[in-house]
Amino acid sequence: MSEKDHLTQNEIKTTDFWLHLIIAGLALLVLILGGILIKQQYDSKNHLTQANFNSIELSQSDGDSLQDVKELFSEEPASVTKVQKKGIVTEVALWKNVADTSQNSQVIIYFDDGHAVSKTIKGLKRDRTTKITRKDFDSLAPGMKKGDVARKIGTPNDYTFDERYYGVSNEQWTYTGLDANKKKVGVMTLSFKDGRLAGKAQNNLQ
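So, a few notes on the structure that sits alongside this text.

## Some details on the side chain of N170
Argument step 1. On the secondary structure map, N170 appears in strand β6 (residues 170-178).
Argument step 2. Exposure remark for N170: the relative accessible area of 17% places this residue in the buried category.
Argument step 3. When residues no more than four places from it in sequence are discounted, the contact partners of N170 are T160, F161, D162, Y165, F192 and K193.

Structure representation (structure tokens):
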């Protein structure tokens, strides 16, 4: 074999190597893009969102029904439990895996005699630039408006809205702090009545 033929074979091998590498890279790119597309399609079909949760009407007289909420979320709840007390039938419906949230996210809704009267959403993602501290907790004074609290320390991980008492709108916010290892380092719970801070509690805030 001449030196020229030897060089030609080496060039062919080199070309084949790069060609296979390019093909493998393109195949990997197709797989990644396909996965992203599938996730986007899934998310677009997931109607279990915070926006839909916020739209649920609460009222003992004309709050949304369980069927209304099923149609809103476009899915059946993971579980429904029913209890009766003092002549009132209460159904508690649970949905899991809220769109764009943590793996442990949930929506829990209470229905009294067929009407939604309380709703909770848990596990909302929050990218906090600073950790919530005991100093932040101590700085919150009774009577503060919800908007002022949110501007001061950010929005919570969990919300609960309750209309089971006529004429009074109760709301609860829960903040969960995480360290670098994603472990809980502190929890703060705030209660609001008619839009103003009425109570607060904390556990393990530093």
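The rest of the description comes next.
## Here we look at the pairing of strand β4 (residues 115-122)
Argument step 1. Summarising burial for β4: six of the eight residues are buried, a large majority.
Argument step 2. With seven bridges connecting them, strand β3 (residues 106-112) and β4 associate as antiparallel partners. Each residue of the ladder has a partner; that of D112, found in β4, is H115.
Argument step 3. Between β3 and β4, which pair antiparallel and follow one another directly, the connecting turn spans two residues, one of which, D113, has a positive phi of 50 degrees.

## Re the nonpolar core
Argument step 1. If you look at the biggest cluster of nonpolar residues, it comprises 30 residues, and the most contacted ones within it are W95, V107, I109, V149, M188 and L190.
Argument step 2. Secondary structure elements with two or more residues in this core: α3 (66-73), β2 (88-96), β3, β4, α5 (146-153), β6 and β7 (184-193).
Argument step 3. Sequence-distant contacts of L190, defined by excluding residues within four places in its chain, comprise L140, V149, I153, E171, Q172, W173, Y175, L197, G199 and K200.

## Focus: α3
Argument step 1. Turning to α3, its buried residues number three or more, namely L66, V69, K70 and F73. Across the axial projection of α3, the buried residues extend over an arc of 105 degrees, all falling on one side.
Argument step 2. In this fold, the buried residues of α3 make contact with α2 (50-54), β1 (79-85), β2 and β3.

## Some points on empty space enclosed by the protein
Argument step 1. All told, the structure shown has one cavity of 30 Å³ or more when counted by the stated rule.
Argument step 2. In this structure, the largest cavity spans a volume of roughly 30 Å³.
Argument step 3. Lining the largest cavity are K131, I132, G177, V185, G186, N204, L205 and Q206.
Argument step 4. Each residue belonging to the lining of the largest cavity can be placed in one class, and the counts come to three nonpolar, four polar and one charged.

## Side note on the pairing of β2
Argument step 1. Across seven bridges, β1 lies against β2 in antiparallel orientation. When the bridges of β2 are listed, S79 appears paired with L94.
Argument step 2. Hairpin connection of β1 to β2: two residues between the antiparallel strands, including K86 at a positive phi of 50 degrees.

## Notes on the packing of aromatic side chains
Argument step 1. With the rule as written, the count across this model stands at five aromatic pairs.
Argument step 2. Arranged with centres 6.1 Å apart and planes meeting at 50 degrees, the rings of F53 and F161 form a pair that is tilted. Highlighted residues: F53 in helix α2 and F161 in strand β5 (residues 158-162), separated in sequence by 108 residues.
Argument step 3. With a centroid separation of 5.9 Å and 10 degrees between ring planes, the pair formed by Y159 and F161 is classed as stacked.
Argument step 4. Each residue in the set F53, Y159, F161, W173 and F192 is aromatic and connected to the rest through ring pairs, giving one cluster.
Argument step 5. Just above the ring of F161 sits the side chain of K119; from NZ or CZ to the centre is 5.3 Å.
Argument step 6. For K200, the ring lying beneath its charged end belongs to F137, and the centroid distance is 4.6 Å.

Each value, and the rule that gives it
Sequence order as written defines the numbering, with residues in each chain counted from 1. Predicted model: local features are reported for residues with pLDDT of at least 70 only, side-chain atom pairs are reported and counted for 80 or more only, and whole-chain, interface and lining totals are derived from all residues. Each side-chain value is derived from all of the structure's non-hydrogen atoms; neither hydrogens nor water enter the calculation. A run of H or I in DSSP counts as a helix once it spans at least four residues, and a run of E counts as a strand once it spans at least two, with each numbered from the N terminus. Think of it in three bands: with a 1.4 Å probe and only protein chains considered, a residue is buried below 20% of the maximum accessible area for its type, exposed above 50%, and partly exposed in between. Here, two residues are considered to be in contact whenever any of their heavy atoms come within 4.5 Å of each other. The rule for pairing is simple: two strands pair if DSSP sees at least two bridges between them. Side-chain atoms within 4.5 Å are what join buried Ala, Val, Leu, Ile, Met, Phe, Trp, Tyr and Cys residues into a set we call a nonpolar core. To be clear, the arc concerns the directions from the helix axis to the C-beta atoms. With a 1 Å grid spanning the protein atoms alone, the term cavity applies to any set of points in which a 1.4 Å probe fits but cannot get out, the term pocket to an open set with protein on both sides within 12 Å along at least five of seven lines, and the term lining residue to any residue with an atom within 4 Å of a point. Grid points are joined across faces, edges and corners, and a volume is the space filled by probe spheres set on the points. Residue type decides the class: Asp, Glu, Lys and Arg count as charged, Ala, Val, Leu, Ile, Met, Phe, Trp, Tyr, Cys and Pro as nonpolar, and the leftover types, Gly among them, as polar. Any two of the Phe, Tyr and Trp rings considered here, Trp counted by its six-membered ring, make a pair once their centres fall within 6.5 Å; the pair's planes then place it as stacked at under 30 degrees, edge-to-face at over 60, or tilted in between. Note on criteria: charge over ring means Lys NZ or Arg CZ within 6 Å of the ring centre, with the direction from the centre no more than 35 degrees off the ring normal.

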